[in-house]
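Understanding the architecture of this molecule
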Amino acid sequence: GPVVDVSQEDVQKLYFRPTSASEFRGKQLSAAGRCENMSDVHHIGQKTSRYMRFQLRKAPLVGRDACVYTQEFLPHQPGHSKINNELAESFKSGAQKSRLTGPKEGK
């Protein structure tokens, strides 16, 4: 057949070749073109993100005064322990007497 005088450059254009070398320019995306990190949205205040810094929790500590029992508790009078000890002694001596005498028959 006829031999056509074609340049090497024209022959290269006829063959398959990837376009990535000519199409890819290596540009960085702008802030508007980037994806949103949903962790920044869902955890606002729980960690530092571009929307809000970490929020330190400042809840007041609960003390003994928060319990109703502590509020209603009345401390004993200073002389109550002496009265309680005397009452315990009277119960103790009464229990010993009932053991010594035993149950009464006929009743």
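The model shown is predicted, which means the values in this text are computed figures rather than measured ones.

1. Structural notes on the overall build of the protein chain
A count of helices and strands for the protein chain gives 5 helices and 0 strands. Counting every position in the protein chain, which comprises 107 residues, the buried fraction comes to 3%. Counting only carbon and sulfur atoms, one obtains 57% of the accessible surface of the protein chain, whose full area is about 11,300 Å².

2. Concerning the packing of aromatic side chains
Applying the stated criterion to the full structure yields 1 aromatic pair. Ring geometry for Tyr69 against Phe73: centres 6.0 Å apart, planes inclined by 40 degrees, an arrangement best described as tilted. On the basis of relative accessible area, Tyr69 is assigned to the exposed category, the value being 62%. Take Phe73: its relative accessible area is 43%, and that puts it in the partly exposed class.

3. Details of the pattern of salt bridges
Under the definition given, this model contains 1 salt bridge. Residue Glu9 is joined to Lys13 by a salt bridge in which the shortest nitrogen-to-oxygen separation is 3.9 Å. Here Glu9 pairs with Lys13, and both are found in helix α1 (residues 8-14), just 4 residues apart, close to one helical turn. Residue Lys13 is classed as exposed on the basis of its relative accessible area of 53%.

4. Here's the deal with the environment of Glu36
Structurally, Glu36 can be placed in the loop between α2 (20-23) and α3 (38-42). Here Glu36 is in contact with Val41, Arg50 and Tyr51, once residues within four sequence places are set aside.

5. Details of the confidence of the model for the protein chain
Close inspection of predicted coordinates is inappropriate in any region flagged by low pLDDT. Scored by pLDDT, the protein chain has a mean of 80; 84% of the residues are at 70 or more. α2 is the least confidently modelled element of the protein chain, averaging 72 in pLDDT, while α3 averages 87, the highest of any element.

6. Let's talk about a nonpolar patch on the surface
A grouping of Met38, Val41, Ile44, Tyr51 and Met52 is seen on the molecular surface, where their side chains present a nonpolar patch of about 420 Å² in accessible area. Note that Met52 resides in the loop between α3 and α4 (68-72).

7. So, the side chain of Asp40
If you trace the backbone, Asp40 turns up in helix α3. There is no salt bridge for the buried Asp40, and the closest opposite charge comes from Lys47, which lies 4.3 Å off by N-O distance. Beyond its immediate sequence surroundings of up to four residues, Asp40 is in contact with Lys47, Ser49, Arg50 and Tyr51.

Thresholds applied
Residues numbered from 1 in each chain as written. Predicted model: local features only at pLDDT ≥ 70, side-chain atom pairs only at ≥ 80, totals over all residues. Heavy atoms only, no water. Helix = DSSP H or I, 4+ residues; strand = E, 2+ residues; numbered from the N terminus. Buried < 20%, exposed > 50% of the residue type's maximum accessible area, 1.4 Å probe, protein only. Areas by Shrake-Rupley, 256 points an atom, 1.4 Å probe, with all protein chains shown as cover. Phe/Tyr/Trp six-rings, centres within 6.5 Å; stacked < 30°, edge-to-face > 60°. Salt bridge = Lys/Arg side-chain N within 4 Å of Asp/Glu carboxyl O. Contact = heavy atoms within 4.5 Å. pLDDT = per-residue confidence, 0-100. Patch = residues over 30% accessible without salt bridge, like charges linked within 9 Å, V, L, I, M, F, W, Y side chains within 5 Å. Lys, Arg positive; Asp, Glu negative; His and termini not counted.

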